[in-house]
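# Examination of the molecular architecture
In case you want the letters, here they are:
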Amino acid sequence: MPLEFSWLMPLCTPDWAARPGQWIQLAQAVEYAGLDGLWIPGGALCADSLGVAAALCAHTRRVRLSVSVPPEVMLPAALATTVQSLQSISGQRVQLHVPNSERSAFGEWLNRDQRSERIGEYLEILQQLLAPSGAGLDYQGRYFQLENAGVACRKLPAPALVLDDSQSHTLVAAHAQTCLLAPGHPQWLAKQIQRWRQIQPTLDFACTFGLILGDSEDLAWETAATLLPVPDLPAEPLATLPRARHPLRQWEVHPNLLQLQPGQPLILVGTPQQIATRLQELHGLGLNHVILEGGPAVSEVLRFGEQVAPLLLKERP
Amino acid sequence: MTADARPPIQLDWFLPTNGDGRHLTSSGLPKVGLFQQGERAPTLDYLRQIVRATEQAGFDGIMVPTASGFEDPWLITAVLAQEVRRLKFLLTLRPGTELPAYTAHRAATLQLLSENRLALHVVTGSSRFEQRSLGDFLEHDERYARTAEFLQVFQAVWAGQPATHPGRYYRSGIQTPIAPGATAPPIYFGGASEAAERVGAAHGQTYLMWCEPPTMIAERIQRMRDLAAAQGRTLRFGLRLHVFAAATDDAAWAHVERLLEEIPTDAIDQAQRQMAAYESVGQSRQTQLMQGRGRGARELEVSANLWAGVGLVRGGAGTALVGSYAQVAERIEEYHQLGVDSFILSGFPHLEEAIHLGAQLLPQLRRIGSASNQAERG
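Attention here is on the structure that accompanies the text. (Residues numbered from 1 in each chain as written. Chains lettered and ligands numbered in written order. Predicted model: local features only at pLDDT ≥ 70, side-chain atom pairs only at ≥ 80, totals over all residues.)

## Section: the overall build of chain B
Of the regular secondary structure elements, chain B holds 14 helices and 13 strands. Relative to the 2.2 N^0.38 estimate, which gives 21 Å for 378 residues, the radius of gyration of chain B is 20 Å and therefore close to what a compact globule would have. Within the span of chain B, comprising 378 residues, buried residues form 52% of the whole. Within chain B, counting contacts between residues at least 6 apart in sequence, those at least 24 apart form 74% of the total. (Helix = DSSP H or I, 4+ residues; strand = E, 2+ residues; numbered from the N terminus. Rg over C-alpha atoms; globule rule 2.2 N^0.38 Å. Buried ≥ 20, exposed ≤ 12 C-beta atoms within 10 Å, placed from the backbone. Contact = placed C-beta atoms within 7 Å.)

In structure tokens, the structure reads:
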């Protein structure tokens, strides 16, 4: 399988509310540039992912819509019917990401064990209702109960489910087609992938990366310096590769991969050729799906589609 | 304030998101396992034509319903608001299945996507069996108590009030700021039981009713006005009804006679049994209108031009105005004089009838209220 690319919609920036027109513009650019999908994040400080996904159905035809829905906001049977409806409206382009919310901002408190137990029940119901057998579902859980649910569910393909790597092994193995890995150094990602494959051999893997392209390597790093808040230089060099032509390269943790803070997405910085090479390497480690973010978004999307994607195609056997 | 200072009459249409067709059973609630399917599936390609026709016909808005087997109203509104520029969307939601802070949050996103064309229609629940299939096990009156708390939290989130709400049904958490630029959607409230009336009077802005004879509507308006006044509030009123209008009243009645003839008797009995299972006071009021009456079309005329025949086989709104364009307009004017400012109309099929009634009926309805305004101004 070739490496797939989704573009992260900027729905969680502080000024997201000013941007509905730009969401549409960006979604159309992503489809035009030939990327595989849109990644539509969700949460209390973001625009509503389901609403944005539906609105984008009016403006796109082909791209996959990966929609993040925090599970605490609605009952699982309600989410199942909503997701079926989105499958229908979008022409079956939905992939569902159920994030592992640490603490709900929408108003609900459970401890970690309770959350784990609750999400287990939630996913079990969701999965059964998204692949309806025709018979009504009765369910008696600690957190959720149902009587004769799903009789109105339609025969639509269930969307692929994405779960975070912070979720329990059992849950990921039982429910997820794709595991969303936390950002990390390629070596760490490779280890994670190997570990998860021992648990569930057919699992796919996704991870988010920033993208900063330049016509030359130096230009790319200069652009990075203008776009990013550059931390004060540390007393001792952090970089594993001592070739710091640009001070920012102190934080180049792997060739063409910049990480300013642990936990933040790594940023691909370089020429189209360098970035294509790095993506090939990530693909080789077992990554199936790269979620890209960058700004100014439309120009980066087109540049990626026109200058990076063809190099990857060429290298495909 | 004089009666002449009333805002113009509001005329909305209805979006059949579980299918549409020419027959009485083609849209509405519930079709699962009982009613024939609408001959037109609720595909995006069909629904977007209805929305476009509704805007071009001159309606102010469109009601987006919800029930088991219907397309999701939030998604349909988000996608169809992109198709038209002016039309408002009256989105039906059931408070029991999601958290109020999330509802506020998704309403705000929809306001941004639609340039503030959203209104919310709060319906507390359907039958016990439908609520339980969604995971909601509260009984009727307690569902309304939860709706009251839901609307309190919803309004508090929208007003940016302090976030902690240690309620009986909801405990809100961290503050979720509402997007700047989004205006609070008007709240329409449906429900005919005593519990519903209390909550509607306290939290609704427009109180919606399925159409009943004028004397019954007048009584309900008075009761709701009193309940609201006791809380220092005023309410607006709305009616939901179907319309079968033609150039002559004979033609309109001949049409509904044909619609009635095609329905087998056992389908009526089955539908009535199923509707009896709803714990809806509004539903039983609709059903009672036709009790003790024959099944001939004119026998079901329960007040001048008001026909209860839709309710023989269709759950939900079960009454229609049947008659010439002028008669239907007169009846609507009478309801307007009783205090109803908002009318949500349906006709079958909803695409052709939006165009038809937009051309023939709407111009007459638009004169309601405005004639006296003009007389006042000289």
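Okay, back to it.
## A look at the interface of chain B and chain A
Across the contact, 38 residues belong to chain B and 38 residues belong to chain A. Listing elements by their share of the side of chain B that touches chain A, those giving two or more residues are α2 (73-80), α3 (100-114), α4 (128-133) and β6 (171-172) of chain B. In terms of residues, the side of chain B that touches chain A owes the most to one element, α3 of chain B, which gives 8 residues. Residue classes in the side of chain B that touches chain A are distributed as 19 nonpolar, 12 polar and 7 charged. (Nonpolar A, V, L, I, M, F, W, Y, C, P; charged D, E, K, R; others polar.)

## A word on unusual backbone geometry
It is generally the case that most residues other than glycine have a negative phi and that most peptide bonds are trans. Put simply, G295 of chain A and P296 of chain A share a cis peptide bond, and its omega is -5°. The linkage connecting F348 of chain B with the following residue, P349 of chain B, adopts the cis geometry, with an omega of -10°. The phi dihedral of N116 of chain B is positive, around 60°, even though this residue is not glycine. Mapped onto the elements, N116 of chain B comes out in the loop between α3 and β4 (118-123).

## Side note on the nonpolar core
If you look at the biggest cluster of nonpolar residues, it comprises 194 residues, and the most contacted ones within it are L38, A53 and A54 of chain A together with I62 and V243 of chain B. If we skip the residues at most four places from it in the chain, A53 of chain A touches I40, L65, V67 and L86 of chain A. (Core = buried A, V, L, I, M, F, W, Y, C linked by C-beta atoms within 7 Å.)

## Thoughts on the pairing of strand β12 (residues 266-270) of chain A
All names here are of chain A. Buried residues dominate β12, accounting for 5 of its 5 residues. With burial as the criterion, each face of β12 is covered, one bearing L266, L268 and G270 and the other bearing I267 and V269. One ladder, built from 2 bridges, connects strand β11 (residues 257-258) with β12; its direction is antiparallel. Residue pairing in the sheet places L258 in a bridge with I267 of β12. (Pairing = 2+ DSSP bridges.)

## A closer look at the environment of T103 of chain B
Residues and elements named next belong to chain B. In this structure, T103 sits in helix α3. The class for T103 is buried, based on 26 C-beta atoms found within 10 Å. The residues touching T103, leaving out its near neighbours within four places in the chain, are L93, E98 and F154.

## So, the packing of helix α2 (residues 49-57) of chain A against α3 of chain B
Where α2 of chain A meets α3 of chain B, the closest approach of the two axes is 8 Å, and the angle between their N-to-C directions is 30°. Here α3 of chain B runs roughly parallel to α2 of chain A, going by the angle between their axes. The segment α2 of chain A lies against α3 of chain B, with L50, G51, V52 and A55 of chain A engaging R106, T109, L110 and L113 of chain B. Classifying every residue of the contact of α2 of chain A with α3 of chain B gives 5 nonpolar, 2 polar and 1 charged. (Axes fitted to C-alpha atoms, helices over the stretch in contact; angles between N-to-C directions. Parallel < 35°, antiparallel > 145°, perpendicular 65-115°, else oblique.)

## Details of helix α12 (residues 350-360) of chain B
All buried positions along α12 of chain B are accounted for by H350, L351, E353, A354 and L357 of chain B. At its buried positions, α12 of chain B is contacted by β1 (10-14), α1 (44-57), β9 (236-246), β13 (340-346) and α13 (362-366) of chain B.

## Description of the pairing of strand β4 (residues 94-98) of chain A
Residues and elements named next belong to chain A. The buried fraction of β4 amounts to 5 of the 5 residues, a majority that puts the element mostly inside the structure. The alternating pattern of β4 places V94, L96 and V98 and Q95 and H97 on opposite faces, both of which are buried. Pairing between strand β3 (residues 64-68) and β4: 4 bridges, direction parallel. For V67, the partnering residue across the bridge sits in β4 and is L96. Read from β3 through helix α3 (residues 76-90) to β4, the crossover connection turns out right-handed. Both β4 and strand β7 (residues 160-164) contribute to a ladder of 4 bridges, which runs parallel. (Right-handed = clockwise from strand over helix to strand, strands pointing away.)

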